[in-house]
Structure formats: structure tokens, C-alpha cells
Amino acid sequence: MANEPIPKAYKPWMILSTAVLIGSLVLFAVDAVGAFLSFGDKTTPLWVIVVGVLAVFGVFLGFGGLFVLLATAGFQAWRAGRRVQVLPPE
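(A) Broad picture of the overall build of the chain. Of the regular secondary structure elements, the chain holds two helices and zero strands. What you see for the chain is a C-alpha radius of gyration of 22 Å, clearly larger than the 12 Å of a compact globule of 90 residues, by over 25%. Across its three principal axes, the chain shows a C-alpha extent of roughly 85 × 15 × 15 Å. When the 90 residues of the chain are sorted by exposure, 20% land in the buried category. Between the averaged position of the 6 positive side-chain charges in the chain and that of its 4 negative side-chain charges there is a distance of 7 Å.

Okay, here's the thing in C-alpha cells:
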């Protein structure tokens, strides 16, 4: 593990977090297009508000997941770097 910057066990979580982030950005783009299409209306449609809230929540969740994974990997690497090997006397 000392040679790996990020452990292999974190790979599925990084893929999931990145997928949530990309999906949320796509939702945000759909929300922006929907908001521009309904710009002339007096009220904003409910689906635009719901998709916008889901997009913002997903972006925070995606970035938060990546931050937690990278912070945990960094802490484990820091802890492994401080380990000292004690050799018995010969």
C-alpha cells in the first residue's frame, strides 16, 4: 500500500462519486435549459425547481465524496510514512 497513492479498494467509490458528479452536472444543464424555456412564464414550473435542487444536492454529494476519499487516502499515506521499522539487534 505504501507505493499506491490511492488504495484499490477506493476505486469503486471514486467511480461512483464521479458518476454522481457528472450526472448532477447533466441535471444542472437540463435545469438551465428548462429555466430558459420557461423564462417568459409568470411562475417557474415545479419540475425545474425539483431538478435544480437535485442537481445542487448531487454536485455537493459528488464533490464531498471525492473530498472524503482523497482526505482518507492522504491520511493513510501520511500515517504509513510515519511508521518506523524496528530491527532487532543481531
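Now that the structure has been shown, we can carry on.
(B) Quick look at the side chain of Ser 24. In this structure, Ser 24 sits in helix α1 (residues 11-37). Ser 24 sits in the buried class, given a relative accessible area of 5%. Engagement of the side chain of Ser 24 in a polar contact is seen with the backbone oxygen of Val 20, the distance being 2.8 Å. Side-chain polar atoms of Ser 24 contact the backbone nitrogen of Val 59, separated by 3.5 Å. Ignoring anything within four residues of it in the chain, the contact list for Ser 24 reads Ala 55, Gly 58 and Val 59.

(C) Layout of α1. With 27 residues, α1 should cover 39 Å at 1.5 Å per step; its first-to-last C-alpha distance of 39 Å lies within 8% of that length. Buried within α1 we find Ser 17, Leu 21, Ser 24, Asp 31 and Gly 34. Along its buried surface, α1 packs onto α2 (46-82).

(D) Structural context of the environment of Leu 69. Of note, Leu 69 is situated in helix α2. Along the chain, Leu 69 and Ser 17 lie 52 residues apart, while their C-alpha atoms are 9.4 Å from each other.

(E) Looking closely at the packing of aromatic side chains. Within this structure, the stated rule accounts for one aromatic pair. Ring plane angle 35° and centroid distance 5.8 Å describe the contact between Phe 75 and Trp 78, whose orientation is recorded as tilted. Pair noted here: Phe 75 and Trp 78 are both in helix α2, with a separation of three residues, about one helical turn. With relative accessibility at 44%, the residue Phe 75 sits in the partly exposed group.

(F) Quick look at a nonpolar patch on the surface. A cluster of nonpolar side chains, Leu 27, Leu 46, Ile 49, Val 50, Val 53 and Leu 54, forms an exposed patch at the surface whose accessible area comes to about 540 Å². Per-element accounting of the nonpolar patch gives the leading share, five residues, to α2. Relative to the helices and strands, Leu 54 resides in helix α2.

Conventions and cut-offs
Residues numbered from 1 in each chain as written. Predicted model: local features only at pLDDT ≥ 70, side-chain atom pairs only at ≥ 80, totals over all residues. Heavy atoms only, no water. Helix = DSSP H or I, 4+ residues; strand = E, 2+ residues; numbered from the N terminus. Rg over C-alpha atoms; globule rule 2.2 N^0.38 Å. Buried < 20%, exposed > 50% of the residue type's maximum accessible area, 1.4 Å probe, protein only. Lys, Arg positive; Asp, Glu negative; His and termini not counted. Charge placed at Lys NZ, Arg CZ, Asp CG, Glu CD. Polar contact = N/O pair within 3.5 Å; in protein donor to acceptor, adjacent residues only side chain to side chain. Contact = heavy atoms within 4.5 Å. Expected span 1.5 Å × (residues − 1). Phe/Tyr/Trp six-rings, centres within 6.5 Å; stacked < 30°, edge-to-face > 60°. Patch = residues over 30% accessible without salt bridge, like charges linked within 9 Å, V, L, I, M, F, W, Y side chains within 5 Å. Areas by Shrake-Rupley, 256 points an atom, 1.4 Å probe, with all protein chains shown as cover. Salt bridge = Lys/Arg side-chain N within 4 Å of Asp/Glu carboxyl O.

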